[in-house]
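# Structure assessment
Chain residues, written in single-letter form:
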Amino acid sequence: MPKKRILLFILIISLIIVLYLGYPFSVFFKIIPPYDKPIQSQIVPDGVGSLSAKSCAVCHQEIAREWESSMHSKAYVDPVFQAYFKKDGELWVCLNCHTPLENQQEYLVKGFTLGSIYRPILEKNPSFDSKLRNEGLTCAVCHVRDGVIIGPYDDAKAPHPTKYDPKFKTSEFCLSCKQVPASSRTFLTSEGCNTGLEWQGGPYAEKGIICQDCHMPKAIRSVTPSGAIRETGRHTWRGGHDPDMLKKAITVKISPLKPDFKPGEEIIISLDITNSGAGHEFPTGDPGRYVTINFVATDKNGKKIEEKEHRIGRNIIWGPVPVEFSDNRLKPLESRVFKFRFKAPGDIKEIHISTSVDYRFLSEGVKARMVKKYGLPDDTIIFYNLYKNERQIS
């Protein structure tokens, strides 16, 4: 390596160390409203047994079943969240999205030692309910404020107090958790979780398509056994944890391949992938998620001839200072072509070519570390296959 490049590398590393040591963590991970505090402790509305989803399920059976099937109901108990929560020293701010009600949090943050978010001053919460905590994004998180059930209808008739809130019919309602800002002291090309801005700057927002249109599909039904038939949203919130939803987000086309080849001939395969169904970038959400496109050519016995992997996602090193080196995710309606080329060996008469597109939560290496150090269950699913193509030429 030339001397100038070595000196530049040393300078960059030195700058990162100086930044890391010279500022408290709270500068890098500045916590701003609404993420700095949980939702104020709520009281149980008259006519409702408790704040638990079990009380809501007495009348809203179908909606309760949908919620129970969703990741919202597992926001706290999800083993991936629990492992990362442990890894991050059970950082309090994580709970403000995964258990947003004060009633769900065992301790309340009253301040910080030396201004560091990693050194909170905690006080025992007298209204803490451990069972409610385990319900994650439970009904009351969205629908209970000041002893009143709030929702998207202005003509609701119910055995409890109700109030209409037009925000339920906007994307703004979702973005309190789906748009997480990064501190100015990070070196990220976009926010920590940027789903909201990705949507706002894209064609779906221009057409008036909101989060709920895709993630809470319409259903004509009654929300209670004796209620009026009306248009409602499914409380399923399918997204990155649902392989069928992920498959709907993309369109994959692969180039035709002639059935024969000659020794030494260059074989070229093109795969076109389009973000045809997501109103935000693909993948989105947790910046650690990524997509791999894998091409593998083998002989008839499975011996590898050539392979190639392409990656779609954000490339971030998180410490000592978060630095983002690249972001090649697919914007809404964007297409990209990935190629695989190799020369056919002269001593092989049959070639098998496999092409796959996988959506990944974690790499195998990261999973192994999380299993060993932070208790992630070994059987945790870390990827979904979204596309598979097997072909043979001879």
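Scroll up to find the structure this text is about.
On a predicted model such as this, the values are computed, not experimentally measured, just so you know. (Residues numbered from 1 in each chain as written. Predicted model: local features only at pLDDT ≥ 70, side-chain atom pairs only at ≥ 80, totals over all residues. Heavy atoms only, no water.)

With that out of the way, let us pick up the overall build of the chain. Within the chain one finds 14 helices and 17 strands. Overall, the chain is about 80 × 60 × 40 Å in size when its C-alpha atoms are taken along their principal axes. Classification of the 394 residues of the chain by burial places 41% in the buried group. Nonlocal contacts in the chain, meaning residues at least 24 apart in sequence, comprise 65% of its contacts between residues at least 6 apart. Put simply, the chain shows about 22,100 Å² of open surface, and 57% of that area lies on carbon and sulfur atoms. Averaged over its 54 positive side-chain charges, the chain has a centre that lies 4 Å from the centre of its 45 negative ones. (Helix = DSSP H or I, 4+ residues; strand = E, 2+ residues; numbered from the N terminus. Buried < 20%, exposed > 50% of the residue type's maximum accessible area, 1.4 Å probe, protein only. Contact = heavy atoms within 4.5 Å. Areas by Shrake-Rupley, 256 points an atom, 1.4 Å probe, with all protein chains shown as cover. Lys, Arg positive; Asp, Glu negative; His and termini not counted. Charge placed at Lys NZ, Arg CZ, Asp CG, Glu CD.)

Across all of its chains, the model carries one cavity of 30 Å³ or more by this definition. The computed volume of the largest cavity comes to approximately 30 Å³. Lining the largest cavity are Pro283, Thr284, Gly285, Asp286, Pro287, Arg289, Arg314 and Arg329. Of the residues assigned to the lining of the largest cavity, the class counts are two nonpolar, two polar and four charged. (1 Å grid on protein atoms, 1.4 Å probe; cavity = no way out; pocket = protein on both sides within 12 Å on 5 of 7 lines; lining within 4 Å. Points joined across faces, edges and corners; volume = space filled by probe spheres on them. Nonpolar A, V, L, I, M, F, W, Y, C, P; charged D, E, K, R; others polar.)

If you look at the biggest cluster of nonpolar residues, it comprises 36 residues, and the most contacted ones within it are Ile273, Ile351 and Ile353. Going through the elements one at a time, helix 13 (243–249), strand 10 (250–254), strand 11 (266–275), strand 12 (290–298), strand 15 (335–343), strand 16 (351–360) and strand 17 (383–393) are the ones with two or more residues in this core. Beyond its immediate sequence surroundings of up to four residues, Ile353 is in contact with Leu257, Ile267, Ile269, Val296, Ala297, Phe340, Phe342, Asn389, Glu390, Arg391 and Ile393. (Core = buried A, V, L, I, M, F, W, Y, C linked by side-chain atoms within 4.5 Å.)

The next thing to look at is the sheet that holds strand 5 (residues 162–164). With mixed pairing, three strands are arranged side by side in an open sheet as 3-4-5. At either margin of the open sheet sits one strand with a lone partner, and together these are strand 3 (144–145) and strand 5. (Pairing = 2+ DSSP bridges.)

As a further point, take the sheet that holds strand 15. With respect to topology, three strands assemble into an open sheet ordered 10-11-15, the strand pairing being antiparallel. The strands lining the two open edges of the sheet, one partner per strand, are strand 10 and strand 15. Each adjacent strand pair in this sheet contributes to an overall mean axis angle of 15°, direction not counted. One ladder, built from five bridges, connects strand 10 with strand 11; its direction is antiparallel. Bridged to Ile254 within strand 11 is Leu271. (Axes fitted to C-alpha atoms, helices over the stretch in contact; angles between N-to-C directions.)

With respect to the element layout, Thr292 can be found in strand 12. A polar side-chain atom of Thr292 sits 3.2 Å from a polar atom in the side chain of Arg360. In contact with Thr292, other than residues within four places in its own chain, are Glu309, His310, Ser356, Val357, Asp358 and Arg360. (Polar contact = N/O pair within 3.5 Å; in protein donor to acceptor, adjacent residues only side chain to side chain.)

It is worth stressing that arrangement in space is one thing and function is another; only the former is reported here.
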